[in-house]
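# Secondary and tertiary structure notes
Take a look at the letters that make up each chain.
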Amino acid sequence: MSLRPALLVEADGGSRGNPGVAGYGALVKDARTGELLAERALPLGTASNNVAEYSGLVAGLEAVLDLGLATDAAVEVRMDSKLVVEQMCGRWKIKHEDMRRLALQARALVDRIQAAGGSVRFTWIPRERNGAADALSNVAMDGRTVHRDLVREPAGSDGPGTAEETPAAAGPGTGQVFGDARVPLTDVFVSDETVPTLEGQTRLVLVRHGVTDFTQGHRLDGRGGADPALNATGLAQARAAAVAVRRLLDRSDPGRVTVVSSSLRRARQTGQVVADHLGVAREEDADWDEQGFGSWDGRAMPDLVRDSAADLARLRHDLDFAPPGGETRRELDRRVGAALGRAISRGGTVVVATHRVVLMSVLGRLLGIDHSRAWSVATAPTSLTAVEVWADGGVQVEFVNDTHHLYDPAFAEDLAQLEAQVRILDSSLEGPPA
């Protein structure tokens, strides 16, 4: 009794710029012997990383069919793109039109393999185990096409029994090209992914609070200090941020949505406006509070520069320095790390209304940035910063310091509607009288 054919398809894609110069790589192997049966690589012009990954998947499945290998075959597709694997398995939705189109092509190819008696399953693998497909995608991004078929010919056929490799003329500036150079115009996809969306097992949207009189007066305001409310400008900024968060989630597949704020009034107010607009309750976690500045609380930065320049420099560079009665950066990092861990463990989308130094702590931790260098990262009042966290521990910072909602006139209509919807549930959150 003969064994059912078993095939491995390994696929990958990349984009230098995302979107930028893109290409894919794919290969087919005998799953039992490891024998290489086919290789594909193709430049895609300008496209996103996700479009390139889907294109590699399509090419790998097409190779199985083109070589007549689908009959009764058990095909396993291995990719290091969790997004593509989860979407092809039907566990995650596909919202981008260009990706949806490629997913439908891939699904049609799967149907054809199944119609031939075969089966297809999708497996995520770590990037380091997808080196061959990754190398082919880099060949494609360098401007070269690869089309190699290495399936042995049936007995009695003409030819030596190995695939041919036909050099083709190289186009200007593209480098050497192997096989058939086939880049029809319809295969060049331009992504719309310059408009951010969120993916991953957990999506964090970090919102810095709106301005207070202290913020506008360049005064320090930390944990244990005066705890001022948002002023009229800060409340307007919070409303704009709420609309921006809602639009971001509408473009994404957010899953369960949670809104958390620090215990300080300006963050509670900002978080409440966002929670109201999203239709969820606001939760509170004091570990998201701003750093405690002790006796410096309420002092203006120009005065500190004049009177305490050396200690102010220590606040930025020395993890163990604290103003009298204040908190060290090391102490803040410890509690913020605990809060971050709790947020990530929730899954879904977690919106956090928090503070300047806290945002620096999170970004420094996730990106491996030294705490003193993190002061160079701008995070304006009611700016949005988004982070994607995956089940394998992978992290991607999607964007930082997005403030377009404060200046984009397209937000005016949504803001007018929001004015009538927002309600401050806790009287302690109310701002100063007009």
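Look up a bit, the structure's there.
Quick caveat, the model's predicted, so the values are computed rather than measured.

Considering all chains together, one arrives at 22 salt bridges under this definition. Across the pair lysine 29 and glutamate 10 runs a salt bridge whose closest N-O atoms are separated by 3.3 Å. Of the two residues, lysine 29 is situated in strand β2 (residues 20-30) and glutamate 10 in strand β1 (residues 6-16); the sequence distance between them amounts to 19 residues. Under the relative-accessibility criterion, lysine 29 is labelled partly exposed at 22%. The class of glutamate 10 is buried, set by a relative accessible area of 7%. Across the pair arginine 306 and aspartate 307 runs a salt bridge whose closest N-O atoms are separated by 2.8 Å. Residue classification places arginine 306 among the exposed residues on the basis of a relative accessible area of 59%. Given the relative accessible area of 45%, aspartate 307 is considered partly exposed. Here the residues in one salt-bridge network are Arg223, Asp289, Glu327 and Arg335, joined through shared partners.

Another point: the sheet that holds strand β6 (residues 146-149). Overall, mixed pairing links the six strands, which are arranged β5-β4-β1-β2-β3-β6 in an open sheet. On the outer flanks of this sheet lie β5 (119-124) and β6, each paired with one strand and no other. Each strand of the sheet is rotated relative to its neighbour by a mean of 15 degrees, with strand direction disregarded. Examined bridge by bridge, β2 and strand β3 (residues 36-47) share ten bridges and lie antiparallel to one another. Within β3, the residue paired with alanine 22 across the bridge is glycine 45.

With that settled, consider the packing of aromatic side chains. How two aromatic rings sit relative to each other is given by the distance of their centres and the angle of their planes. Taken as a whole and assessed by the stated rule, the structure comprises one aromatic pair. Directly above the ring of tryptophan 124 sits lysine 82, whose terminal nitrogen or CZ lies 3.9 Å from the centroid.

The next subject is the environment of valine 259. Note on placement: valine 259 falls in strand β10 (residues 257-261). What makes valine 259 buried here is its relative accessible area of 1%. In sequence terms valine 259 and arginine 282 are 23 residues apart; their C-alpha atoms lie 5.2 Å from each other. Those residues in contact with valine 259 that sit more than four places away from it in its chain are Gly271, Val274, Ala275, Leu278, Val280, Ala281, Arg282, Glu283 and Val351.

About the cut-offs
Counting of residues starts from 1 at the beginning of each chain's written sequence and follows it residue by residue. Restriction of local features to residues with pLDDT of at least 70 applies here, the model being predicted, together with a cutoff of 80 or more for giving and counting side-chain atom pairs; totals for whole chains, interfaces and linings are based on all residues. As a convention, hydrogens and water are excluded, and side-chain values are obtained from all of the structure's heavy atoms. Counted as salt bridges are all cases of a side-chain nitrogen of Lys or Arg within 4 Å of a carboxyl oxygen of Asp or Glu. Where helices and strands are cited, they refer to DSSP runs of H or I of at least four residues and of E of at least two residues respectively, numbered from the N terminus. For every residue, the accessible area (1.4 Å probe, protein chains only) is compared with the maximum for its type, and the residue is labelled buried under 20%, exposed over 50%, or partly exposed between those bounds. A pair of strands is considered paired only if DSSP assigns at least 2 bridges between the two. Only the stretch in contact is used when a helix axis is fitted, and all axes are lines through C-alpha atoms; the angle between N-to-C directions ranges over 0 to 180 degrees. To pair, rings of Phe, Tyr and Trp, with the six-membered ring standing in for Trp, must have centres within 6.5 Å; the planes then decide the type, stacked if under 30 degrees apart, edge-to-face if over 60, and tilted in the middle. Whether a charge lies above a ring is judged from NZ of Lys or CZ of Arg, which has to be within 6 Å of the ring centre and within 35 degrees of the ring normal. By definition in these notes, contact holds between two residues if any of their heavy atoms fall within 4.5 Å.

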